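Take a look at the letters that make up each chain.
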Amino acid sequence: YRLTNKRLTVRSEPPVGEKERTDVAFEDVTDCITVGNLLWGDLLVTLKNGDKVELRSVDNFVEFKKYILKKAEEAKAGKVD
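Residues numbered from 1 in each chain as written. Predicted model: local features only at pLDDT ≥ 70, side-chain atom pairs only at ≥ 80, totals over all residues. Heavy atoms only, no water.

**Some points on the overall build of the protein chain**
Here's step 1: The secondary structure content of the protein chain amounts to one helix and six strands.
Here's step 2: A compact globule built from 81 residues would reach a C-alpha radius of gyration of about 12 Å, and the protein chain, at 13 Å, matches this within 12%.
Here's step 3: Once local pairs closer than 6 in sequence are excluded, the contacts in the protein chain between residues at least 24 apart make up 32%.
Here's step 4: Per element, the accessible surface of the protein chain, about 5700 Å² overall, is 48% carbon and sulfur.
Here's step 5: When the 15 positive and 15 negative side-chain charges of the protein chain are each reduced to one mean point, those points stand 4 Å apart. (Helix = DSSP H or I, 4+ residues; strand = E, 2+ residues; numbered from the N terminus. Rg over C-alpha atoms; globule rule 2.2 N^0.38 Å. Contact = heavy atoms within 4.5 Å. Areas by Shrake-Rupley, 256 points an atom, 1.4 Å probe, with all protein chains shown as cover. Lys, Arg positive; Asp, Glu negative; His and termini not counted. Charge placed at Lys NZ, Arg CZ, Asp CG, Glu CD.)

Written as structure tokens, this is what we have:
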């Protein structure tokens, strides 16, 4: 996973099959929910068009969620760097 000031990038590199990459602009994010324990957690990011992007086994999942929601609000308000 990679977070920048404009987008979230999710890359999938399975041992068998094709590699996938998904880029999500923060302006398309409507919600972000987490499920986790003390060490790591999963995030589910919901987009404007109803699609969902899943991030699994994220170490700092609470900080990821805060950052994603903050950047989504800034993008909606037009404050993107």
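The discussion continues.
**Quick look at the sheet that holds strand 6 (residues 52-58)**
Here's step 1: Spatial strand order, 4-5-6: three strands in an open sheet with antiparallel pairing. The strands lining the two open edges of the sheet, one partner per strand, are strand 4 (29-36) and strand 6. Adjacent strand axes in the sheet meet at a mean angle of 15°, parallel and antiparallel pairs treated alike. (Pairing = 2+ DSSP bridges. Axes fitted to C-alpha atoms, helices over the stretch in contact; angles between N-to-C directions.)

**Some words on the packing of aromatic side chains**
In this description, an aromatic ring pair is defined by two values, namely the gap between the centres and the angle between the planes.
Here's step 1: Inspection of the entire model under this criterion finds one aromatic pair.
Here's step 2: Ring geometry for Phe26 and Tyr67: centres 6.2 Å apart, planes at 80°, overall edge-to-face. Separated by 41 residues along the polypeptide, Phe26 in the loop between strand 3 (20-25) and strand 4 and Tyr67 in helix 1 (residues 61-77) bring together distant segments of the chain. (Phe/Tyr/Trp six-rings, centres within 6.5 Å; stacked < 30°, edge-to-face > 60°.)

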